[in-house]
Structure formats: C-alpha cells, structure tokens
Amino acid sequence: MYESNDRVAKITLNRPERLNAINETMPEDIASAFGHASNDDSVHVVVLTGAGRGFCGGYDLKAFAEKPGANPGIQDMPWDAMIDYNFMNRCTQNFMSIWRCNKPVIARINGDAVAGGSDIALCCDIIIMNETARIGYPPSRVWGCPTTAMWVYRLGLEKAKFMLFTGDLIPGRKAEEIGLVFQSVPLKELDDTVLQLTERIMGVPKNQLMMMKMMVNQAYENMGLASSQTIAMLFDGIARHSPEGVQFKQRAQEVGFKQAVAERDSGEPIPGSRN
C-alpha cells in the first residue's frame, strides 16, 4: 500500500492476517512501490512498515512447506538449481529495489521481522524498531539462507556468524545494542521517533540525498555485495533441497509447519539430520 504526503511516502506491507508474510506477488509489489517512490518528484524520504501487529513474518512457508509436492519453494528430485536460482534472484532483486531507491528509506519495524522479513528490513537505510519486536533468520538452521546477504555488511564477521549459526531471534533492544538497527524504542514511541527522523531528512534537497545514498551504497557494492548475494541465493536453494531440507518439508506435511519449526528451533539436534 502506497501513500504520500508532505515529502514523505509511506509503503505498507499489507497482509496483516498472515503477519505480512511474503507470497508470490509481494516481491513485485514492493519493487513497484519503490519504483513509484523513486519517480515521485514530491517525495524526499520513504517509510516502510507493516500492517497490523507484524512487520513481515518472512516467506509464507506454511503454504510452501505444508503443501505436498513441488511448488515455487521446492522442486521434485532431481532438482534444477538454476530454476530455483532464477526464482530467488527475482525475489531478491525486487527486495533490492529498496536499496536502489534514490530516496532514503526508513524501516519502521512495528513487529517481528523474521527470515525473509529481515531480508527486506535490512535493505533499508535506517531502521527504527519496536524494542520488543524480534528480528532474525531462523531458517539458517534448516531450509534457508538470507538471500540479500545483509547480515555481514551490517554486523561484521563475528556477530553475523552468531546470528546465522544460531538462527536466534533477538528483540529490538538487543538489535540496537549490537548495531544491527539504528534505534529501538517502545511501541508507543515508534511513530513519533520515525516522524522526528523524517522531518529532519525531508528538508534536504533530493539531489543531495541521492548523492549521499549512492556514495555510501557504492562502498558496500565495492566490497562484493552482489557476489555475496549470488552465493546466498544458490545456497538458499540447496538448503531447501538438502537431505535435511527435504526431511523438514516432509515433517511439515506430517505435523504442520508450526510444529516442524518448533522442533527445528528448539535447540535440540535437527530432526532427521545425518550430519
């Protein structure tokens, strides 16, 4: 959902009944909205948020994991890695429309930003987060790899490895402490905090904002961001088609996605793991 007023565009992920989980059309919808914001001459700054009580719960894996047989998230064996790569590349490049948007983008993280939802959030320029909302990438335990690859660029080597080796979700307070997000505040203060920041930015000429964003982003492009994303997208497909990935989908079909995730994220050895 896109709205614009007084130099500020607001883009809202709008599937509140599914905690704004990513379905097959949302990545293109995001790209379209940010393309519009880039071309909207009245806009100086963009705010991205989620409808309802969540920011984004990641890909709608309940649909992908519980549904028997092949779907866009998993193929019958033997699987074609390039078909999977093309699918994930389209999604990732659509999310990267946030990174490429020529206007500053502030993420207003009202609720949990999980898995693919963290991919989206971490493409934003500045993140203001509800201090009790959670962020993380649990599928790094089984069935995923963060395709925008932003964790290492935002956190550095050791903290990124901690987040991805554990798959832990951390609250906004902790995310601010480790430098993953710019600021965390109580939910009741979130709107005012975001408003203060947008009001500080919106008076700056658009050309200056564009130059500053391009200059900083280029430093990360030069570090090899695109190469990191290429391997991340390939690994994401492998993770869903590894022996453990196939077992996870079978378990989700048997007991439901919620129970399969609870088992995966319990801290106990991964069910069905041969490693």
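Given the structure is predicted, the values throughout are model-derived calculations rather than measurements. (Residues numbered from 1 in each chain as written. Predicted model: local features only at pLDDT ≥ 70, side-chain atom pairs only at ≥ 80, totals over all residues. Heavy atoms only, no water.)

*Asks:* What is the right way to read a nonpolar patch on the surface from this model?
*Replies:* On the surface, a cluster of nonpolar side chains totalling about 380 Å² of accessible area is made up of M211, M212, M215 and V216. Structurally, M212 can be placed in helix α9 (residues 206–222). For M212, a relative accessible area of 43% puts it in the partly exposed group. (Patch = residues over 30% accessible without salt bridge, like charges linked within 9 Å, V, L, I, M, F, W, Y side chains within 5 Å. Areas by Shrake-Rupley, 256 points an atom, 1.4 Å probe, with all protein chains shown as cover. Salt bridge = Lys/Arg side-chain N within 4 Å of Asp/Glu carboxyl O. Helix = DSSP H or I, 4+ residues; strand = E, 2+ residues; numbered from the N terminus. Buried < 20%, exposed > 50% of the residue type's maximum accessible area, 1.4 Å probe, protein only.)

*Asks:* Hey, could you run me through the state of the cysteines in this one?
*Replies:* Among covalent bonds in proteins, the disulfide is the one between the sulfur atoms of two cysteines. Overall, the coordinates contain zero disulfides when judged by the stated rule. We note that C56 lacks a disulfide partner, and the nearest cysteine sulfur, in C124, lies 11 Å from it. By relative accessible area, C56 is classed as buried at 0%. (Disulfide = S-S within 2.5 Å.)

*Asks:* Would you explain the sheet that holds strand β8 (residues 169–171) in this entry?
*Replies:* The strands making up a sheet associate through hydrogen bonds between their backbones, and the pairing can be parallel or antiparallel. What the three strands build is an open sheet, ordered β5-β7-β8; its pairing is mixed. This sheet does not close on itself; its edge strands, each paired only once, are β5 (113–114) and β8. Two strands pair when backbone bridges link them, and strand β7 (residues 134–136) and β8 are joined in this way by three bridges, in the antiparallel orientation. Bridge pairing in β8 places I135 opposite I170. (Pairing = 2+ DSSP bridges.)

*Asks:* Sorry, what's going on with the environment of M1 here?
*Replies:* Within the secondary structure, M1 sits in the segment before β1 (2–5). For M1, a relative accessible area of 53% gives the class exposed. The spacing of M1 and K103 is 102 residues in sequence and 18 Å in space, taken between C-alpha atoms. Discounting residues that sit within four places of it in the chain, M1 has contacts with K10, I11, T12 and N14. (Contact = heavy atoms within 4.5 Å.)

*Asks:* Would you take a moment to explain the nonpolar core for this structure?
*Replies:* Across soluble globular proteins, you tend to see nonpolar side chains buried next to one another. Grouped together as the largest cluster of nonpolar side chains are 65 residues, with contacts concentrated most on L48 and L180. No other element matches helix α3 (residues 81–100), which puts eight residues into this core. The residues touching L180, leaving out its near neighbours within four places in the chain, are L122, I127, I135, W151, R154, L155, I170 and A175. One finds V194, L197, M202 and L209 within the second-largest nonpolar core, a separate group that totals 12 residues. (Core = buried A, V, L, I, M, F, W, Y, C linked by side-chain atoms within 4.5 Å.)

*Asks:* When you look at the packing of aromatic side chains in this model, what are you seeing that I'm missing?
*Replies:* Where two aromatic rings form a pair, the distance of their centres and the angle of their planes describe that pair. Enumeration according to the criterion identifies four aromatic pairs in this entry. Measuring from centroid to centroid gives 6.2 Å for Y59 and F95, while their planes differ by 50°, and the two rings are tilted. Taken together, the residues span a long stretch of sequence, with Y59 in the loop between β3 (45–50) and α2 (61–66) and F95 in helix α3 at a distance of 36 residues. Residue classification places Y59 among the buried positions, given a relative accessible area of 16%. Accessibility expressed as a relative area gives 0% for F95, which makes it buried. Between Y153 and Y220, the ring centres sit 6.1 Å apart and the planes meet at 75°, which makes this aromatic pair edge-to-face. Within this pair, whereas Y153 is found in helix α5 (residues 150–155), its partner Y220 is found in helix α9, the two being separated by 67 residues in sequence. Assessed through its relative accessible area of 27%, Y220 is described here as partly exposed. An aromatic cluster is built from W143, F248 and F257, whose rings are joined through pairwise contacts. (Phe/Tyr/Trp six-rings, centres within 6.5 Å; stacked < 30°, edge-to-face > 60°.)

*Asks:* Help me out: how do you make sense of the side chain of S118 in this one?
*Replies:* Relative to the assigned elements, S118 resides in helix α4 (residues 116–121). Not counting residues up to four positions away in its chain, the partners in contact with S118 are A113, I135, G136, Y137 and W151.

Any functional reading would require information that these geometric values do not contain.
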